[in-house]
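# Analysis of the macromolecular model
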Amino acid sequence: MRRALAFAALVLLLCGSAAGAAPPAPAASQARSLWEVWPRVRVSPADPWALKHRELRVALATLQQRHPGLITLVEEGVSSEGRKIPALRLGHGPTGVLLWSQMHGDEPTATSALLDLLNWLGASPADPAAQQVLSKLTLWIIPMLNPDGAERTQRRNAQEVDINRDALRLASPEGRFLKALRDQVQPVFGYNLHNQNPNLRAGLTGDQVAIALLSVPGDEALTETPGTRRTKQLAVRVRELVEPLAPGRVSRYDMDYTARAFGDSMTRWGTSTLLIETGGWVGAEEAQRLVRLNFVALAGSLTAIADGSLETVRAEAYPQIPLNERDALTTLVVRNVRLVGGRALPPFPADLAFLVPGAFSGDSPRRREPSLIEVGDLTHLRGLAELDATGLLAVPWPTPPGDWAALRESLSSRGLLATDEAKLLAAVHAQGEAAVARPGFAGAVLLYRADRAGTLTLEGAVLRGRLVGGKLAATGQGVGSPTDWR
Ligand SMILES: [Zn+2]
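Residues numbered from 1 in each chain as written. Predicted model: local features only at pLDDT ≥ 70, side-chain atom pairs only at ≥ 80, totals over all residues. Heavy atoms only, no water.

### Considerations on the environment of Ser 412
Defined as follows: Only runs of H or I of at least four residues qualify as helices and only runs of E of at least two qualify as strands under DSSP, and these elements are numbered from the N terminus. Relative accessible area decides the class of each residue, using a 1.4 Å probe on protein chains only: under 20% of the type maximum gives buried, over 50% gives exposed, and in between gives partly exposed.
Positionally, Ser 412 belongs in helix H11 (residues 404–413). On the accessibility criterion, Ser 412 (38% relative accessible area) is partly exposed. A C-alpha to C-alpha distance of 51 Å links Ser 412 and Glu 243, two positions 169 residues apart in sequence.

### As for the pattern of salt bridges
Defined as follows: A pairing counts as a salt bridge when a side-chain nitrogen of Lys or Arg comes within 4 Å of a carboxyl oxygen of Asp or Glu.
Under the definition given, this model contains 24 salt bridges. Between Glu 459 and Arg 449 there is a salt bridge, with its nearest N and O atoms 3.2 Å apart. Taken together, the positions of Glu 459 in strand E18 (residues 456–463) and Arg 449 in strand E17 (residues 444–450) put the pair ten residues apart, joining distant regions of the chain. Note on Arg 449: relative accessible area 33%, which makes it partly exposed. Bridged by salt links that share partners, the residues Glu 81, Arg 83, Asp 148, Glu 151 and Arg 152 form one connected network.

### Brief notes about the sheet that holds strand E4 (residues 137–142)
Within a beta sheet, neighbouring strands are joined by backbone hydrogen bonds and run either parallel or antiparallel to one another. As a reminder of what qualifies: The pairing criterion is simple: DSSP has to find at least two bridges between the two strands. Orientation is described by lines fitted to C-alpha atoms, with helices fitted over the stretch in contact, and by angles between N-to-C directions that extend from 0 to 180 degrees. Contacts are assigned to residue pairs that have any heavy atoms within 4.5 Å of one another.
Pairing in this open sheet of eight strands is mixed, and the strands run E1-E2-E4-E3-E5-E9-E7-E8 from one edge to the other. Either end of the sheet is taken by a strand with one partner, and the two such strands are strand E1 (72–78) and strand E8 (250–252). Across this sheet, the average inter-strand angle for adjacent strands is 20°, counted without regard to direction. Relative to strand E9 (residues 272–278), strand E5 (residues 189–195) is paired through seven bridges, and the arrangement is parallel. Bridged to Asn 192 within E9 is Leu 275. Strand contacts of helix H7 (residues 173–185): E1, strand E2 (84–90), strand E3 (95–101) and E4, with the helix running at about 145° to E1, the strand carrying the most contacts. In the packing of helix H8 (residues 226–242) onto the sheet, the strands contacted are E5, strand E7 (211–215), E8 and E9, and the crossing angle to E9 comes to about 30°.

### Some thoughts on helix H4 (residues 109–123)
What counts is decided by this rule: One less than the residue count of a helix, multiplied by 1.5 Å, gives the span that helix is expected to have.
The end-to-end C-alpha distance of H4 is 21 Å, a good match for the 21 Å that 15 residues give at a rise of 1.5 Å each. Burial runs high along H4: 13 of the 15 residues are buried.

### Considering the pairing of strand E14 (residues 382–388)
Along any regular strand, the residues point their side chains to alternate faces of the sheet. Taking burial as the measure, the seven residues of E14 include five buried ones, the bulk of the element. The pairing of strand E11 (residues 329–339) with E14 spans six bridges and is classified as parallel. Note that in E14 the partner of Leu 329 across the bridge is Arg 382.

Here you go:
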């Protein structure tokens, strides 16, 4: 036993160091001080989704007034619907860096972080890091490439084109504007700033991903070039910055080369590009914590380029960043029920997984309604909230929109608040295919407990992906806080 423990400790130690769990002190301490400075320099709103084109223009005008000479409006693109797309220049150093955010209109976290970054650069005359960024780099920033999409809180632009699949055809004015700016200023580095599906885990054993990183390849063979090596170093540095603040929540983005995507094309065109995807971090003030993490990632990694410390970062640590793990995290898992699955079949043991979709759709059409997403042995899947329902009987119940009180009322009128199993099963089976617990089922799942006499009493239910009823307590990081992505 002791030997096994010692071996386990050794494995942990080795894995820990191999995975870069102990980042160099300078990055960690710099991250801590940036994290602490953020509340003082922050100008972004509480809700990044509330920042639309109009609010962006007001915020930029305010920053220009507050810090005269810092921000030059160099170009203005024009969106499909005629909104002006500001492109800003800051600093006067030899190394050009192009950062663009919100090419997907419903992915706004980094836009807020960029505003905070602008204010940090202007409000920190005594901070050597901020001053080095301004003296060694020239930053080109497009804080909201897709204002028409932002206005509608949708991924695509007003043409309904995904700008991030338009790098070759350049059918969108927004894509043409980004390409023209890149060709004009020929930056060494690109930062492609997005939000991803919040229900991903950092590897099989990691937590909910808060930040995912990708050194964006420039060809199908994923050839390592001096440029992609630099963005691997940049990704490793961002991880060193963010991991101590968000342990187990940093991952590597899981996508190969996509020729028509902008990040890949930027790298191919000679601007080595780092993709930063913001995920989720369920709990109070989720959106603001994610903006804060983005701010640390941006300010800290730009500092590393500016002060030359990026060159000391080991690109070899890049593949050790855990990959995005899809289909391993969901909103709620109810475990160990006896399930009345429907179709007049006898009850059987099962776990149930529910998903409450996020506020944006990602790159494929997704369910917009909360629903049951999986049934069976779900030991591989983790819930942001979990309920051990051992001893409970679960019953699918098609239900019109309503709350727990309305649901209880309708069950009461049918004599189903306290009942026996035969009567309950008959009521379920009478509803046919409408009451089958299968992926996509969007009705309620009722949870009953039997007493010694065999009487079933309703204890709670899962309604629109949430546990309701008060008698049952879920555990996990999603408990007691909105699991909504916003
Ligand atoms: Zn995106």
